[in-house]
Every structure is written in C-alpha cells, then in structure tokens.
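# Notes for the structure review
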Amino acid sequence: MLSPRLPPVPRLRIACLGQTLNTPRALPHSIPATVGRCGVRYVTTGGPGVLMRQRQTQVRGKKTTTVVKLDDLPQGLIAPLEPLAPEPRDEDEEPAYPTVVLQARRNMQKFDNCVLLTRVGGFYEIYLDQANEYGPLLNIKVAQRKTSAGPISMAGFPFFQLDRFLKILVQDLNRHVAIAEEFPNDPSERIRAGGLMHTRRVARIVTPGTLIDENFMDPYANNYIMAIHLPETSVSDDSTRQEAQQAIDTSQPANLAANQIGLAWLDLSTGNFFTQPTTLESLGSVLSRISPREIVLDKALELKEDHAISSILQEERYLVSYCPKGELKKLEEWIPMLEGKIPVKTAKKFTDNEVDAGCLLLHYVRGRLQGLSMKLQPPRRYENMEVMNIDKNSMRSLEIKQTIRDGVFKGSLLHTIRRTVTKSGARLLNDWLTFPSTSLEVINFRQELVARFIQDDDLGDAICTLLRRSHDSQRLVQRFALNRGDADDLLRLANTIKATEDIVTLLQAAIKSRPKKQDGNDKEEPEKDCLEEMIDRINLKQPLKLARAIRDAIDEEGLVQQHQLEDSETGEMIALAQEIVKAEGTDEDGLIIPKKAAPLAASIKAKKPITGPGSWREIYGEDNELWTMKPGASSPLTRLHAQLKTTKEEKEKLTETLRTRFNASSLTLRWSSGLGHICHVKGKDAKSLPSPEEADTDPSLSGMRTLAASKTTRTFHLPEWTTLGEHLDKLRVQIRAEEQRVFASLRSSVVLNLVRLRRNAAVLDELDVVTSFSRLAVEQNLVRPVLNTATGTTIIGGRHPTVESGLADQGRTFQKNDLILSSSNQKDSTGRIWLITGPNMAGKSTFLRQNALITILAQIGCYVPADYAELGMVDAIFSRVGSADNLFQDQSTFMVEMIETAAILRQASHRSFVIMDEVGRGTTPEDGTAVAFASLNHLVRVNKCRGLFATHFHGISDLVKEQGMRVEDGGPDGAIDMYCTDVEEDDRGGFVYVHKLRKGTNRQSHALKVAKLAGLPEQAIRVAQEVLAKSGHHY
Ligand SMILES: Nc1ncnc2c1ncn2[C@@H]1O[C@H](COP(=O)(O)OP(=O)(O)OP(=O)(O)O)[C@@H](O)[C@H]1O
Ligand SMILES: [Mg+2]
C-alpha cells in the first residue's frame, strides 16, 4: 500500500507492469524491511550486483546494528513485514511452505513452461527446482532456506536488474518467463492469504516474440512473432506432404501452388500487424525475410513431430511455441485488439488460413499479456502489397542483412547503405530492404524525394537535426497503446510532436522557395511537389493540442530530480550489496559490483550518513516533495497545492509557537516511520522542557506524551502537530491521486491520437530513410535508376556496393562492368541470359551479385552504384551461389545445391532475375555439366527470365551453341549471350586479372595461379602442372 510518506509518482517501469505511475516502489527506506522479510537477507555473489539470500534476524521498525551494518543507512518508512504465514490447512496435499512460496509453487504449476520470477519487496525471487536450475545459469548463488516442510532452494536479484536477467533468460536462453508482481491484498484477502500484505499474480509472460519495451530489444530490427496456420491437409503425414509436393511440381513457374497456409505476424513493440497467405514451398523464404523471433503453432501439431513444416522450422532453428486454439474464430473478433476497424473491402480478402493464423496469434499474445490491453494497427495483407520476392538463399548469399561467413551485420548490404539517424528509420530501411517494392509509383515517389534532398542538401541536413530530436515514436506510441508509458514517455512524445511541427515548417518553406519549372509553358500548373505529399500525410492539429497539454501538465524539473533520486537509490542498493560482500563475500564478489556504488559504499563503511545533492535524505527532508505534475495541471491540483502551501505555513507557524512556548529554539516537527508525527528537541533545550512527569500533571500540556528522552534529546507527541501532520499527509495523498488522474487522462488522449501519431511517425521514418539515401548517393556517387515495366536490364558502369568500398580501403580500384539484358529476340539485340566463363578470381561471382544488388537497391527507391541504370521491374530475385552442406538436415553439398536449383527452376517467372553461380560443381564434371546445362536450358525455355549464369564447365558453351540458344541463333530460344573475364600474362610469368567482361568464352580457368597465390606447396603445384600438361591443357 502506498504510504503518505512515499515520494510522489515513482518511475519504475520495469517493476510495475502496466501501472507505472502509481506503483509503490522499493525505497531505500524499505531496504531494512526487505532485508528482514522472511528472515533472510541478500548477499551479493556470483554476478554483477546479483544478490542471494542468507539467514539473518531483523527486528522490525527498529534501528539495529546487524552484521550487515545497516545502522548508518537512513531509516525511513519501514513497510510492515509480511508474516511467514502458516500453510493453508485446506490444501493438505501442499507442503508446509511459507505462503509466498506456496503461491509461487502454484504459479509454477499453472505456467509450467515458464521460469517464474516472483516479486518480493525489492527483489525478484526464483524458488525450488527452478532456483537450482536457473541460479547457476544466471550466475546467482542458490541459498537453502529452512521451512517446516524442509529446506527449499531460492535465488534472487534486486528488482532493478530485471531487464538484465530477462535478457539472459529470454533473449539468450530462449525461455518463457512468467513475472509475478505484488498486488496489495485487501483486509479480507489478507485473512485468506494467511496475513500476507500482497498476493503475487503473474502479470505478464515474457517470451522472445512478445517483448514490449525491454531495454535489450534490438532498436534497429523489428521483433516479430508469427503464427503459422496449416489447414488439416497440410498438417498430416507424409502422404499429404507428397500431395502438396505434387501440387507444387505441377504448377507453372511463379504460379505457386494454391495458397495452402496462412501467416500472421506482429511486433508488439510497434503494433505492426501483418498477414499473408502463402505456400509450403515459399514458407522458408518468407521466414528468412521476416526473421520472426518466435513462431506459434497449433498445439495439435506438437505431437506430430514430422508435420509438414517441421523440417523448414528445424533447418533454421526457429523458436517454436505451441498454443491451443483459443476462442477467437473470426476476423471481426480481432477488432477490440485493434486501434481501428478493418475496411470491409480489405476484410473480404483475407483467406480462411490467414484468419486462422491471426486468431491463433492474437490468442497467444493476449495470453502472454495476462490482461494487459493492447491496441495493434489493423492488419495489412502482404498479398495486396506489391513487393519483390527475395528467396531465402538470396537473402543469405547476397549478404543483405548479414555476412555469410560470420553472420555479422558489418559488411552486409544493409550495413553499407544505412545512414539513418533514428532507430525507427533504421527499422523502416530494414523493412524496405526485406520487401523491395514492385510498384513504379512507390519507387518513383521515393526517388523523387531522394532527388529533392540531393538538390537541397541543407534541407536534408536540417531535417536530420530535427529527426535526431524526435524519439522512437513507433515504439513510444505503442507503449501507450499497451497501457504502459510513463511521464518521461509523455515528454518524449511531446518533443517528437514538436520536432514534427518544425519539420513541417521546414518543408513548407522549402516548397515555397522551390524554383518554378522553366518549361516555357507558364500557364501549366507546376506538378505537386513530393514534399507536399509528405506534409499532407501529417496531421498535427490534435497532436499539437496533446503536446501542449503534456507540457502544461508535466513538471520536467521535478522529473529530472526524481531520476537523480532513483539513481541514488539504485546506488544505495548496490552499495548495500557491496557492503555485505565486503563483510562476508570473496574479493571476487566485490569486483562485480558496479563502480558507481563505491563512494556510497565508502560512506556506509565509514558510518557516515549519506548526504549531498541527490541523496534521498536531503530531497525528502520534511516538506521537500517532488511532484510529477505542475500545480496548474488541473484545477483540483491547483487547489490542493494551495492548501498544501497554507498547511505548510501553518506548520511553520506552529513550529515558531512551540519554540516560544517551550523556549526551545531547536524544536522541529517531524515524522518517523515508527513513531509517527513527533516533536524533536536537542541540546540544552532538552533540559528546559517540562519533564514527562510535569507534562502529565500540567493541564496546559495535555496530550504531550514523551516517547524518548535522553540528556541531549527529547522526542514527544503533541496533538496539535499530530492533527496538522495528518492533514498534510492527507493532502499529499490527494495530490498524488489527482496527479494520477491527470496522467491517466493524458494517457487516454495519447490513445485517442494513436492513429494520427503513428501516421506522423511513419512520415518521419520515411523522411529519415530518403534523406539517408540522398546522403549516401552523394557520398558514394550513385545514380538515379530509371525503372519501367519492361523486362530488360541495362546497367552501364555498374559496381558492387560492398566490394568497391572494401577495395578502396586497400587502395585498389573497382573495375566497372556493363550489363545489358533484353527480352526481345531480335538478331541484333542482346541476350536475356548471360553465360559467363573465365579464370578463377577474375570477378564472375562479384559481377553476378552486384547486378542482383543493384536491382534490389533500385527497387527500394535508393540510387545505385552505376553510371547509368535502366531496369524493368523485377518480381523476384533468385540466387544459387556457393555451396554449403546441411548435414543437420542430412543433405550433402550436392543435395543442397540441387534443392536450391530446383526451387529456382520451379518458381522463377519471366519477370524474375536469377543468378546461378557454378551450378553442378558439387559432382563429376560430366554430371555437373549435364545438370548445369539442363538448368540453363530450363531458365531459357521455361522460366524465360533474366539471368546471369557463371560456370567453369566450358562444355556448356558448346551445348548452347549446338542447341541454337545463342542470341545470334535467333528464334524464341536464342536468348543467351556469352561473356567472359580474363587473365593477362606477361612474358616474365607475371599476370593480372582482367575484371572487365568481354564478349566470348574463356576456356582457361588458370586455377593453378590461384593455387599458387593461396600458398599451395611448390611440389604440389609442380605435380598439378604435370597432370595438366599430360592432358594437353594450358596452366
Ligand atoms: N570488377 C572488379 N574490379 C576489381 N576487383 C574485382 C572485381 N571483381 C572482383 N574483383 C576482385 O576479385 C576477387 C575475386 O572475385 P570473384 O570471386 O568474383 O571471382 P570469380 O571469377 O568468381 O572466381 P572463382 O571462379 O574462383 O569463383 C574479389 O574478391 C575482388 O577482390
Ligand atoms: Mg566465383
């Protein structure tokens, strides 16, 4: 329960789910109580600031000198101790544990797949078997506590380390964590709970996919949780899988098998919600792009180990949670969880599978939130969105988001191009790169904006400066949508709204000052400035009102002071731990406590009171309250503050009166947790006071009751002060209650503005990305590609975005190359597919990848590394590059190669862009040539797509010629152009690679040159040369 003496409006997000503003927090005052609770105390050991428990007796409400040397810790409110209640008699089967442990045990049984963290005062505790299992994993020592049912294991850590341990449990160990918070018991509940002040109820289950605002979340990536719905037929065994496979096999390229499964995914931290119908075959690719942190499947599938998608999920080791179907059945039933309605037209388009997936997802997420309300954005359907498909292998081999070799971000395409200044902008770029657009309109619009900011770089820079002032508004707003969000979040929101307003002003000025088009036709209306369209999407009217209300209500100064206070509290808590460790722990234990606690620990050790700016004692000195709201935030607040002021003045007057009456200038009016409202006198004044006996007999001193007397101090009750003090306390409680009411109304205003705020945030994110593109374009000399709806590709002077910068670091230059692919089969036209041969190390793979990357960059709206680019829109990028075993899945190198090739040949459409690098190299040259040619043939005759095909099997060129598949052969299948790279040798044995592509076939691979460069022993090289010479080959 809140005591009138608790400081106002604490800010403990981690500790008080969903009730940030008004939840009591563990104050330093309550440390002794916390320590004393259950007769155990915490000792730091094992990990930084990690505390464990040991037995220790503590007398309630009294300053005592204990082994932990708490005597110098300031003593404030001592929360009433919770008794170790006897075991409930009606549940005979339960062991005779203390009630707190019994409650935890029940919670563990109820949430049996979770690690249970139970809040007890200032700590989270883990009990019984879970303590034994997770204590060592979390590096916290496990203590044994004696109970009448025998010893039980327990481990704990201070509440402010929740994020740190959640990260280990959820992020690193992929566990589900149930957090049981303290809820105050009313008197009747208290009796039922064996006298416990609090009940511990699970307030939330945190799983990897259901993070909301945890500090350890990756700010640059979405945290998606996805439900996959498999209709009955796909669920079942092998025979149905074969049927599904047949359906896929018989389908035309790019016309994938019928929509067999439904997907729904959301990011709880932003409220983004999507659905998509897809097929078993495409599932792997969709998953690799969305990268869900957690996948939810119907519980019924849990027993079917070998269900249709188990291999796909196992291959990439997705984290799967099973959940029984809930009561949600229909799309309409989603509405209460959405911030707006789903338009009827859109609603009709959802397939049954998508709806089933969405129902499962929402049911699961709702269960994790344990009643915390959520407002998501209405679901968007990916089928409706025009996006380019990038298959799983391309995502990996093109190193879009991480490198193949180390799986790290640095070196990826995203890393190379990211210049965004906000976290939500970075997430949007991530999304764009995951789903490049196939809409000319969308791409052209983005390009327009980029062009505009290149033209006016000052404008771009000014916008960036303002964007830096905004906060991660998508996640910020969502916090309010989940009924979280505190006073700081409100201020951040107000700052973001202000930044948005300033951005709009900037854009408006830029539109006005834009020079009119000089096309000689003065009468013609100038086309709408792209900046205008951005402004049109921003709605500031209501948000500005909200921002004003926030600024008018929240006392920023007060908040800052509160944070200082909290920091010092945390410091004190750590210092306490350090003190205990020093006394009883090992030196090693001492090292793990944060350094910032050292001065505090020193004060404690030297038995000096902790004072100085920011110390709680100074700030909470009698009438020094900190409030979150300004007195003018509401009229009741104004009135209450006025009353508080007068009452404080009355207190001053009373002090003066009493000083005169008792002739005691040292008299002060105070409050103490154990004694209540007291008058305190010290020094010689103590002697001049009437003695306790005199007070008892003198009617004019009626009510004066001495509590403690020594030679130098006297403490006594006086009804005048008790009455006034109680009135002061009441006012403080009322003010706090009113502050909470004002806060609640601000929070609901945020929720009312949710849609507008999210839309505005989306515009800011887009501005971030396009301004970042413009900076990138200038910095890396990129050009604006021309996109069209044809099926050709012309890239003149193309470069590889990441290889180029890598070479530049070594002082080398990148050789530009052209690519011209056209769909027409005219005699003089170029091919649709290039067959590329040439020596090892001469740049074939680089060329293949660079063109795929340029295509992707162009379709996200970015400029591209080339002198000129004209690209027909691509619906999908496929690549078969490199080889990797998948022994986990019982797949050999060649098997993997064939699986990937098969997927491309089955899926690529005439709009797709395919790169195939050395298909068939995993087997004999004869078999390899056969398979490689067959694949090339399929691309030409069946898929009819654009593509690049690199090989060391020169026989393929002969087969192409034989089959009349060269451009010069004409006809419908004359689609292949031959290109090659070279090695230039001098007569002294020196050579250089010629990375410039030329027309023709190069039958020399010059493998031994690479072998030499790689340091193959001279002897081995000589043997290789002999072998080649014998077979009549050049080396
Ligand atoms: N256009 C270029 N300009 C400059 N250097 C290049 C160029 N293309 C490739 N390189 C350099 O050559 C190296 C090898 O290129 P790449 O792997 O593309 O050759 P390759 O022809 O595919 O060889 P292999 O046949 O052995 O697979 C690259 O790592 C890069 O350093
Ligand atoms: Mg290669």
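Residues numbered from 1 in each chain as written. Chains lettered and ligands numbered in written order. Predicted model: local features only at pLDDT ≥ 70, side-chain atom pairs only at ≥ 80, totals over all residues. Heavy atoms only, no water.

As annotated in an unreviewed UniProt entry, the chain is Muts protein 1 from Podospora fimiseda.

The helix and strand tally for the chain stands at 36 helices and 29 strands. Across the 1035 residues that make up the chain, the buried fraction comes to 54%. Expressed as a percentage of contacts within the chain between residues at least 6 apart in sequence, the contacts between residues at least 24 apart total 72%. Of the roughly 44,900 Å² of accessible surface on the chain, 52% is carried by carbon and sulfur atoms. (Helix = DSSP H or I, 4+ residues; strand = E, 2+ residues; numbered from the N terminus. Buried < 20%, exposed > 50% of the residue type's maximum accessible area, 1.4 Å probe, protein only. Contact = heavy atoms within 4.5 Å. Areas by Shrake-Rupley, 256 points an atom, 1.4 Å probe, with all protein chains shown as cover.)

Taken together, 16 residues are adjacent to ligand 1, and Gln-815, Met-841, Lys-844, Ser-845 and Thr-846 come closest. Between ligand 1 and Ala-842 there is a distance of 3.2 Å, counted from an oxygen atom to a backbone nitrogen or oxygen. The separation between an oxygen atom of ligand 1 and a polar side-chain atom of Glu-918 is 3.4 Å. Relative to its unbound accessible area of 630 Å², ligand 1 is 80% covered by the protein chains. Broken down by element, the shell around ligand 1 gets its largest block of residues, three residues, from helix H31 (residues 844-859). Its residues placed into classes, the shell around ligand 1 shows five nonpolar, eight polar and three charged. (Near = heavy atom within 4 Å. Polar contact = N/O pair within 3.5 Å; in protein donor to acceptor, adjacent residues only side chain to side chain. Nonpolar A, V, L, I, M, F, W, Y, C, P; charged D, E, K, R; others polar.)

Right, let's talk about empty space enclosed by the protein for a bit. Here the structure, examined in full by the defined rule, presents seven cavities of 30 Å³ or more. The space that makes up the largest cavity amounts to roughly 80 Å³. In terms of lining, the largest cavity is formed by Ser-473, Val-477, Leu-493, Thr-496, Ile-497, Thr-500, Leu-540, Pro-543, Leu-757, Asn-760, Ala-761 and Leu-764. Secondary structure elements with two or more residues in the lining of the largest cavity: helix H17 (473-481), helix H18 (487-512) and helix H29 (754-780). A breakdown of the residues in the lining of the largest cavity according to their chemical character gives eight nonpolar, four polar and no charged. (1 Å grid on protein atoms, 1.4 Å probe; cavity = no way out; pocket = protein on both sides within 12 Å on 5 of 7 lines; lining within 4 Å. Points joined across faces, edges and corners; volume = space filled by probe spheres on them.)

We now examine unusual backbone geometry. The residue Ser-291 is not glycine, and still its phi comes out positive at about 45°. You can see Ser-291 is positioned in the loop between helix H8 (280-290) and strand S12 (294-298). In this model, Asn-781 sits at a positive phi of 55°, which is unusual for a non-glycine residue. Within the secondary structure, Asn-781 is located in the loop between H29 and strand S20 (786-788). Under the relative-accessibility criterion, Asn-781 is labelled exposed at 56%.

Turning our attention to helix H11 (residues 352-369). An ideal rise of 1.5 Å per residue puts 26 Å on 18 residues; H11 measures up with 26 Å between its terminal C-alpha atoms. With respect to burial, H11 is a largely interior element, 14 of its 18 residues being buried. Residue Gln-370 follows H11 closely and has a positive phi angle near 45°. (Expected span 1.5 Å × (residues − 1).)

Let's shift gears to the packing of helix H32 (residues 893-907) against helix H33 (residues 925-943). Between H32 and H33, the shortest axis-to-axis distance is 10 Å and the interhelical angle comes to 10°. Our classification of the angle between H32 and H33 gives roughly parallel. Between H32, through Phe-894, Met-898, Thr-901, Ile-904 and Leu-905, and H33, the contact on the second element is made entirely by Val-931, Ser-935, His-938, Leu-939 and Asn-943. Grouping the constituent residues of the contact of H32 with H33 by class yields six nonpolar, four polar and no charged. (Axes fitted to C-alpha atoms, helices over the stretch in contact; angles between N-to-C directions. Parallel < 35°, antiparallel > 145°, perpendicular 65-115°, else oblique.)

A few words now on the sheet that holds strand S13 (residues 320-323). The six strands are arranged S13-S12-S9-S10-S11-S14 in an open sheet whose pairing can be described as mixed. Among the strands making up the open sheet, the edge pair consists of S13 and strand S14 (380-381). The sheet contact formed by strand S10 (residues 261-267) and strand S11 (residues 272-278) spans seven bridges and is antiparallel. By the bridge assignment for S11, Asp-267 is matched with Asn-272. (Pairing = 2+ DSSP bridges.)

Moving on, we get to a negative patch on the surface. Together, Glu-386, Glu-441, Glu-532 and Glu-533 make up a region of like negative charge exposed at the surface. In this structure, Glu-386 sits in the loop between S14 and strand S15 (389-390). (Patch = residues over 30% accessible without salt bridge, like charges linked within 9 Å, V, L, I, M, F, W, Y side chains within 5 Å. Salt bridge = Lys/Arg side-chain N within 4 Å of Asp/Glu carboxyl O. Lys, Arg positive; Asp, Glu negative; His and termini not counted. Charge placed at Lys NZ, Arg CZ, Asp CG, Glu CD.)

The next subject is the side chain of Thr-715. By secondary structure assignment, the location of Thr-715 is in strand S19 (residues 713-717). Polar side-chain contacts of Thr-715 include one of 3.4 Å to the side chain of His-680.

Right, let's talk about the side chain of Thr-901 for a bit. Examined against the element boundaries, Thr-901 turns out to sit in helix H32. The class of Thr-901 is buried, set by a relative accessible area of 2%. Not counting chain neighbours up to four residues away, the residues in contact with Thr-901 comprise Arg-880, Met-916, Val-919 and Ser-935.

Considering every residue of the chain, the mean pLDDT works out to 80; 79% of them sit at 70 or more. The model gives residues 235-257 a pLDDT under 50, and that stretch makes 36 contacts with residues more than four places away or in other chains. Between residues 607-621, whose pLDDT stays under 50, and residues either more than four places distant or in other chains, the model counts 38 contacts. (pLDDT = per-residue confidence, 0-100.)

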